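# A look at the structure
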Amino acid sequence: MAAVAAPGPRATDCVTKVALSISCENLLDMDTFSKSDPLCVLLMNTSGPHWCEIGRTEKIQNCLNPKFSKNPVLDYYFEMVQKLRFEVYDIDSENCSLQDADFLGELECTLGQIVSSRKITRPLVKKDKRPAGRGTITICAEERTDNRVVAFEAAGRKLDKKDFFGKSDPFLEFYRQTETGWQLAHRTEVIKHNLNPTWKPFRIPLQSLCGGDVEKSIKVHTQQPVIFSKIIYIFLQIVKEYTFLDYIMGGCQINFTIAVDFTGSNGNPSLPQSLHYINPNGYNEYLAAIWAVGNVIQDYDSDKMFPAFGFGAQIPPTWQVISFDITFCLYLSISFFILGIEGVVSAYQQCLPQVKLYGPTNFSPIINHVAHFGRQALQQQTASQYFVLLIITDGVITDMDETRSAIVRASQLPMSIIIVGVGGADFSAMEFLDGDDGILRSAAGEPAMRDIVQFVPFRQFQNVSCCKLYSKLFVDILHLSYFNILKCCIHLSVCTSYFRQAHRPLHKVYLQSCLTKWPPSSIYLT
């Protein structure tokens, strides 16, 4: 060995972003009067028999040979063995729940195997490892190094009627040119029974669409040949997708608020069976959750002053029941701000013997409280403030409709909500709020603009590494998707105004780009 060794690589030097494109062939047909509606779920092995979902594709209707357009993006660590499991299901519900889904097969492999081969095709197997018919799954890996995205807005006018008993159900597919032919990069949502569709604004990573080369051709596939009287409008703009680090280094402050559940369902804090019972080692799950989340967040909060609340308790001296719209400070004082995570832990420990656990378990008041500050931050017109609310609870919630509405309203603000479930109760309500199985809607049916809730059942992560817990907790926050979505809406509103005035036909695609113009001749409509 040399006398002086070079410094070893840092953790950040050994990690890179990898996007996985997934397709299947010859899937089992589990539906009686139609074909299966497949969806692929991606899980990663955390430790031993424990697997954690880290992503899923979209659902494709009536298809036994699906090519999924939603590509999960993973951090690839060269020095680690990252075990993956791809599970394919036939989805029978609108919210894409797996509880009522039929299992179509799975594949276990490592991320290293996919990256080293760049493309693998393997047979799908059932839970008992027998072949899942003739079903196969193909996975392609691509390093994601370009953080530019293409923001699209698309609309169709006077499309042909293709269905015998009704109008067409149009959608668009975008393909990239590869060495082996055209590869699906994105598929829009299907708009039912509409010959004049307007698709929701969407974004495609520039690297997924053309490998980062704006001179390379792309293909847009429609359900019918494009002729002069059948018009498709496509507006796009190339923008940079800023990362969490970009915002932090640009001065964005993360404002962290903590809310602790002091309702009677937690049990008497003086008894070992209670979730609030502090054992002789000074531990309970509430304290562990405060430490786990707070230790990460506090590094990005400049003043380290954290608003800390409790809800659902009777407080001295009158022992009145806290009303449905009021929470209380952990210090039982006028000021809600506490210095540092150590201060929050100390306040919790001092507060616990002074209050009586009672009820109800209402989330909406604290969500609306934090949302008020998020709404004020909007007036600054800069990405300088982002708000994170941590709710630690035993899982029982009494104001579900009000909470759903509060979350939907907050989804339009620079805000995220982390819900940590302690104990072993039924957390189905928390998982519903998470929205991973579909778009969360208010009681009135209004959809959330984005997924802002991340739920974590704490006991599932007690025996795994801290990095697995952190990645699960902060998966939504690390993207700070609010600012990117807001920017997309601003750009596309300008493009929409331009388009509506232009009324140009669809045999050509018109582009506006803040960085470079894509030659219209390199885009094909089929």
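Keep in mind that what you see is a predicted model, and the values were worked out from it rather than measured.

Rules behind the numbers
- Residues numbered from 1 in each chain as written.
- Predicted model: local features only at pLDDT ≥ 70, side-chain atom pairs only at ≥ 80, totals over all residues.
- Heavy atoms only, no water.
- Helix = DSSP H or I, 4+ residues; strand = E, 2+ residues; numbered from the N terminus.
- Expected span 1.5 Å × (residues − 1).
- Buried < 20%, exposed > 50% of the residue type's maximum accessible area, 1.4 Å probe, protein only.
- Pairing = 2+ DSSP bridges.
- Right-handed = clockwise from strand over helix to strand, strands pointing away.
- Contact = heavy atoms within 4.5 Å.
- Axes fitted to C-alpha atoms, helices over the stretch in contact; angles between N-to-C directions.
- Parallel < 35°, antiparallel > 145°, perpendicular 65-115°, else oblique.
- Left-handed = near helix turned anticlockwise from the far one by under 90°.
- Nonpolar A, V, L, I, M, F, W, Y, C, P; charged D, E, K, R; others polar.
- Salt bridge = Lys/Arg side-chain N within 4 Å of Asp/Glu carboxyl O.
- Phe/Tyr/Trp six-rings, centres within 6.5 Å; stacked < 30°, edge-to-face > 60°.
- Lys NZ or Arg CZ within 6 Å of the ring centre and 35° of its normal.
- pLDDT = per-residue confidence, 0-100.
- Core = buried A, V, L, I, M, F, W, Y, C linked by side-chain atoms within 4.5 Å.

On to helix 5 (residues 340-351), then. In this model helix 5 runs 17 Å from its N-terminal to its C-terminal C-alpha over 12 residues, within 8% of the 16 Å that 1.5 Å per residue would give. Taken as a whole, helix 5 has its buried residues at Gly340, Ile341, Gly343, Val344, Val345, Ala347, Tyr348 and Cys351.

The subject of this paragraph is the pairing of strand 16 (residues 305-311). Where burial is concerned, most of strand 16 is hidden: 6 out of the 7 residues are buried. Both strand 15 (residues 253-261) and strand 16 contribute to a ladder of 4 bridges, which runs parallel. By the bridge assignment, aspartate 261 is partnered in strand 16 with phenylalanine 311. Tracing the backbone out of strand 15, into helix 4 (residues 285-297) and back to the parallel element strand 16 gives a crossover that is right-handed. Direction of pairing for strand 16 relative to strand 20 (residues 337-339): antiparallel, over a ladder of 3 bridges. Looking at the pairing, proline 307 lines up with phenylalanine 337 of strand 20.

By the element assignment, tyrosine 233 lies in strand 14 (residues 231-240). Between the C-alpha atoms of tyrosine 233 and glycine 156, which are 77 residues apart in sequence, the distance is 6.1 Å.

Right, let's talk about helix 6 (residues 364-378) for a bit. The end-to-end C-alpha distance of helix 6, which contains 15 residues, comes to 21 Å, matching closely the 21 Å that a straight helix rising 1.5 Å per residue would cover. Along helix 6, the positions that sit buried rather than exposed are Ser364, Pro365, Ile366, Ile367, Val370, Ala371, Gly374 and Ala377. The elements touched by buried residues of helix 6 are strand 15, strand 16, strand 22 (385-393), helix 7 (400-410) and strand 23 (415-421).

This paragraph deals with the packing of helix 6 against helix 7. In the contact formed by helix 6 and helix 7, the axes pass within 9 Å of each other and the chain directions differ by 15 degrees. Between helix 6 and helix 7, the crossing angle belongs to the class labelled roughly parallel. At the point where helix 6 passes helix 7, the crossing takes the left-handed sense. From helix 6, Ser364, Ile367, Asn368 and Ala371 reach across to helix 7, where they touch Glu402, Thr403, Ala406, Ile407, Arg409 and Ala410. Counted by class, the contact of helix 6 with helix 7 contains 5 nonpolar, 3 polar and 2 charged residues.

What follows deals with the pattern of salt bridges. What the rule picks out here adds up to 16 salt bridges. Where arginine 148 meets aspartate 146, a salt bridge forms, and the shortest distance between an N and an O atom there is 2.9 Å. Residue arginine 148 is classed as partly exposed on the basis of its relative accessible area, which comes to 22%. By relative accessible area, aspartate 146 is classed as buried at 17%. For arginine 459, the salt bridge goes to glutamate 285, with nearest N and O atoms at 2.6 Å.

Let's shift gears to the packing of aromatic side chains. Counted by the stated rule, this structure contains 9 aromatic pairs. Ring geometry for phenylalanine 152 versus phenylalanine 174: centroids 4.9 Å apart, planes at 55 degrees, classification tilted. Of this pair, phenylalanine 152 sits in strand 9 (residues 148-157) while phenylalanine 174 sits in strand 10 (residues 173-178), and the two are 22 residues apart along the sequence. For the pair phenylalanine 152 and phenylalanine 174, one class covers both residues: buried. Summarising the aromatic geometry, the rings of phenylalanine 311 and phenylalanine 363 are spaced 6.0 Å apart at their centres and angled 80 degrees between planes, so their arrangement reads as edge-to-face. Taken together, the residues span a long stretch of sequence, with phenylalanine 311 in strand 16 and phenylalanine 363 in the loop between strand 21 (356-357) and helix 6 at a distance of 52 residues. Ring pairs connect the aromatic residues Phe152, Phe174 and Phe202, which therefore count as one cluster. If you follow arginine 85 out to its NZ or CZ, it ends over the ring of tryptophan 51, 4.2 Å from the centre. A cation sits over an aromatic face here: lysine 219 above tyrosine 175, 5.3 Å from the ring centre.

Attention shifts here to the confidence of the model for the protein. Scored by pLDDT, the protein has a mean of 78; 77% of the residues are at 70 or more. Averaged pLDDT values for the elements of the protein fall to 32 in strand 25 (residues 510-511) and rise to 96 in strand 5 (residues 83-90). Confidence drops under pLDDT 50 across residues 1-13; counting only partners more than four residues distant or on other chains, this segment forms 1 contact. When the criterion is pLDDT under 50, residues 488-523 qualifies, and its contacts beyond four places in sequence or with other chains add up to 78 contacts.

In terms of nonpolar packing, the biggest core is built from 37 residues, with Phe256, Ile258, Phe262, Ile290 and Leu390 touching the most fellow members. The dominant element in this core, judged by the number of residues it contributes, is helix 4, at 7 residues. In this structure leucine 390 touches Phe256, Thr257, Ile258, Ala259, Ala289, Val293, Ile418 and Val420, once residues within four positions along its chain are discounted. In terms of nonpolar packing, the next biggest core, distinct from the first, is built from 28 residues, Ala259, Phe311, Val370 and Ala429 among them.

This part takes up the packing of helix 4 against helix 5. Relative to each other, helix 4 and helix 5 sit at 165 degrees, their axes nearing to 10 Å. As judged from the angle between their axes, helix 4 and helix 5 are roughly antiparallel. Classified by chirality, the crossing of helix 5 by helix 4 is right-handed. Along the contact surface, helix 4 presents Tyr286, Leu287, Ile290, Trp291, Gly294 and Asn295, while helix 5 presents Ile341, Glu342, Val344, Val345, Tyr348 and Gln349. For the contact of helix 4 with helix 5, the per-class residue count stands at 8 nonpolar, 3 polar and 1 charged.

Its place among the elements puts serine 442 in the loop between helix 8 (428-434) and strand 24 (453-457). For serine 442, a relative accessible area of 5% translates into the label buried. Not counting residues within four places of it along the chain, the set of residues in contact with serine 442 comprises Arg404, Ser405 and Val408.

The subject of this paragraph is the environment of glycine 105. Note that glycine 105 resides in strand 6 (residues 102-110). Through-space distance from the C-alpha of glycine 105 to that of glycine 135 is 7.7 Å; in sequence the pair is 30 residues apart.

Excluding glycine, a negative phi dihedral is what most residues carry, and trans is how most peptide bonds are arranged. Here glycine 359 and proline 360 are connected by a cis peptide whose omega angle stands at 0 degrees. Within the secondary structure layout, proline 360 lies in the loop between strand 21 and helix 6. One non-glycine residue, arginine 118, lies in positive phi territory at about 70 degrees. Mapped onto the elements of the fold, arginine 118 is located in the loop between helix 1 (111-117) and strand 7 (119-125). Owing to a relative accessible area of 63%, arginine 118 belongs among the exposed residues under this scheme. One non-glycine residue, histidine 193, lies in positive phi territory at about 50 degrees. Checked against the element boundaries, histidine 193 lands in the loop between strand 11 (181-187) and strand 12 (202-205). Assessed through its relative accessible area of 52%, histidine 193 is described here as exposed.

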